[in-house]
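Residue-level listing of the chains:
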Protein chains: 2
Amino acid sequence: MDIFMRAAIEEAELGREEGGIPIGSVLVHEGRIIGRGHNRRVQTGSAVLHGEMDALENAGRLPGRTYRESILYTTLSPCAMCSGAILLYGIPRVVVGENRTFMGEEALLRERGVLVEVLDDQRCIELMRGFIAEKPDLWNEDIGR
Amino acid sequence: MDIFMRAAIEEAELGREEGGIPIGSVLVHEGRIIGRGHNRRVQTGSAVLHGEMDALENAGRLPGRTYRESILYTTLSPCAMCSGAILLYGIPRVVVGENRTFMGEEALLRERGVLVEVLDDQRCIELMRGFIAEKPDLWNEDIGR
């Protein structure tokens, strides 16, 4: 498997071990991870730190040019908020672990010119299926349902 | 002036006093402010805490129902990220101070059924005009340019 998706999955698994929502993400620039993170709703009571947002936050302040040369890896199809962040910063390519358990704003991203690749990865699917079955209320909260 | 937009402007002014980007926001539920915040790029090195995101973060974890009964006030037209957060949580109404210095994703919000009201407020315009003239590089960084 792609080493960067593997790193995103490691982040998701770390989140699960912490009792959190198992979604992880890494931001990659010139073949190097410059930000990595996972959903922090449970861990810090955050309403905005989805996995992708946490990776962007941990990458710190960057010039616009860096985002426009980067790839975002995420274990789950990015929701409206995370897709919006991708559009704000002009990240041109997003690699998604899976979109079977949740379909985010992939159509909007593609419409705006972002290259979205979906790996349909079994490990990502199982992480989310297990979590949703165990904690459906927490999952609904995370996606505003 | 609307007391909630006044509170959002107070947040923006607080951000300016801290040397930050002068954009503020409040989340209002049943006539009461339940979250307030301002852009934190300078103050905490944040890439995700725009004013609206900071207000949502400071409101803490909320059930989906609360967002769907809330109004978000923001001094500036919400960017793609903040608009995405509004869509994720299903906030039905957004009151915007101004969109002359920056036009966010108002069209997308309206297309998805969000009521967007723009006040064209002179104080909000002057806050942003002064800031952009003084620190254009910081402003460009904040919107991924």
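Residues numbered from 1 in each chain as written. Chains lettered and ligands numbered in written order. Predicted model: local features only at pLDDT ≥ 70, side-chain atom pairs only at ≥ 80, totals over all residues. Heavy atoms only, no water.

Using the following cut-off: UniProt positions are given in the numbering used here, feature names are shortened, and annotations may be inferred rather than shown by experiment.
Naming follows an unreviewed UniProt entry, where chain A appears as Cytosine deaminase of Natronocella acetinitrilica. The heading Subunit (unreviewed entry) in the UniProt record of chain A holds the text "Homodimer."

1. Remarks on the packing of helix 5 (residues 80-89) of chain A against helix 5 (residues 80-89) of chain B
The condition that has to hold: Note on geometry: axes are lines fitted to C-alpha atoms, helical ones only across the stretch in contact, with angles between N-to-C directions running from 0 to 180 degrees. Note on conventions: DSSP H or I runs of at least 4 residues are helices, E runs of at least 2 residues are strands, and numbering of each starts at the N terminus. Here the angle decides the label: under 35 degrees means roughly parallel, over 145 means roughly antiparallel, 65 to 115 means roughly perpendicular, and every other value means oblique. Any two residues whose heavy atoms approach within 4.5 Å are treated as being in contact. Put simply, Ala, Val, Leu, Ile, Met, Phe, Trp, Tyr, Cys and Pro go in the nonpolar bin, Asp, Glu, Lys and Arg in the charged bin, and everything else, Gly too, in the polar bin.
At a closest axis distance of 7 Å, the pairing of helix 5 of chain A and helix 5 of chain B adopts a crossing angle of 170°. Between helix 5 of chain A and helix 5 of chain B, the interaxial angle falls into the category roughly antiparallel. Every residue of helix 5 of chain B that contacts helix 5 of chain A at A80, M81, G84, A85, L87 and L88 of chain A is listed here: A80, M81, G84, A85, L87 and L88 of chain B. Taken together, the residues that form the contact of helix 5 of chain A with helix 5 of chain B break down as ten nonpolar, two polar and no charged.

2. Details of the relation of the copies chain A and chain B
Applicable threshold: Fitting of the copies onto one another was done by least squares over C-alpha atoms, counting residues only where both copies have pLDDT of at least 70.
Take chain A, turn it by 180°, move it 0.0 Å along the axis, and it overlays chain B with an RMSD of 0.0 Å. On this basis, the relationship between the two copies can be described by a two-fold rotation axis. Taking the C-alpha atom as reference, chain A places G84 of chain A closest to the rotation axis, 2.4 Å from it. Interface residue correspondence from chain A to chain B reaches 100%, placing this contact among same-surface, isologous pairings.

3. Section: the sheet that holds strand 2 (residues 32-38) of chain A
Residues and elements named next belong to chain A. Using the following cut-off: A pair of strands is labelled paired if DSSP reports no fewer than 2 bridges between them.
An order of 2-1-3-4-5 is seen for the five strands of this open sheet, with the pairing classed as mixed. Taken across any chain shown, the strands that pair with only one partner, and hence form the sheet edges, are strand 2 and strand 5 (115-118). Ignoring which end each strand starts from, the neighbouring axes of this sheet average 15° apart. Where strand 1 (residues 24-29) and strand 2 come together, six bridges link them in antiparallel fashion. Across the sheet, V28 pairs through a bridge with I33, a residue of strand 2. Against the sheet, helix 1 (residues 3-17) contacts strand 1, strand 2, strand 3 (70-76) and strand 4 (93-98), and its axis sits at roughly 25° relative to strand 2.

4. A word on the environment of L14 of chain A
As for its placement among the helices and strands, L14 of chain A is situated in helix 1. As a C-alpha pair, L14 of chain A and N39 of chain A span 25 residues in sequence and 9.8 Å in three-dimensional space.

5. Re the state of the cysteines
Threshold: We call a pair of cysteine sulfur atoms a disulfide when they lie within 2.5 Å.
One pass over the structure, following the stated rule, counts zero disulfides over all chains. The closest cysteine sulfur to the non-disulfide-bonded C82 of chain A is located on C79 of chain A, 3.9 Å from its own sulfur.

6. Re the pairing of strand 3 of chain A
Residues and elements named next belong to chain A. Short version of the rule: Whether a residue is buried, partly exposed or exposed follows from its accessible area with a 1.4 Å probe, protein chains only, as a fraction of its type maximum: under 20%, in between, or over 50%, in that order. Note on handedness: a clockwise path from strand one over the helix to strand two, with the strands aimed away from the viewer, defines a right-handed crossover.
The buried fraction of strand 3 amounts to seven of the seven residues, a majority that puts the element mostly inside the structure. Judged from the five bridges that link them, strand 1 and strand 3 form a sheet pairing that is antiparallel. Counted as the bridge partner of V28 is I71 from strand 3. Inspection of the sheet shows strand 3 paired to strand 4 by five bridges, in the parallel sense. Residue pairing in the sheet places I71 in a bridge with R93 of strand 4. Crossover handedness for the path strand 3 to helix 5 to strand 4: right-handed.

7. Observations regarding the packing of helix 3 (residues 51-59) of chain B against helix 5 of chain B
Running from N to C, helix 3 of chain B and helix 5 of chain B cross one another at 35°; their axes reach a closest spacing of 8 Å. From helix 3 of chain B, E52, M53 and L56 of chain B reach across to helix 5 of chain B, where they touch M81, C82 and A85 of chain B.

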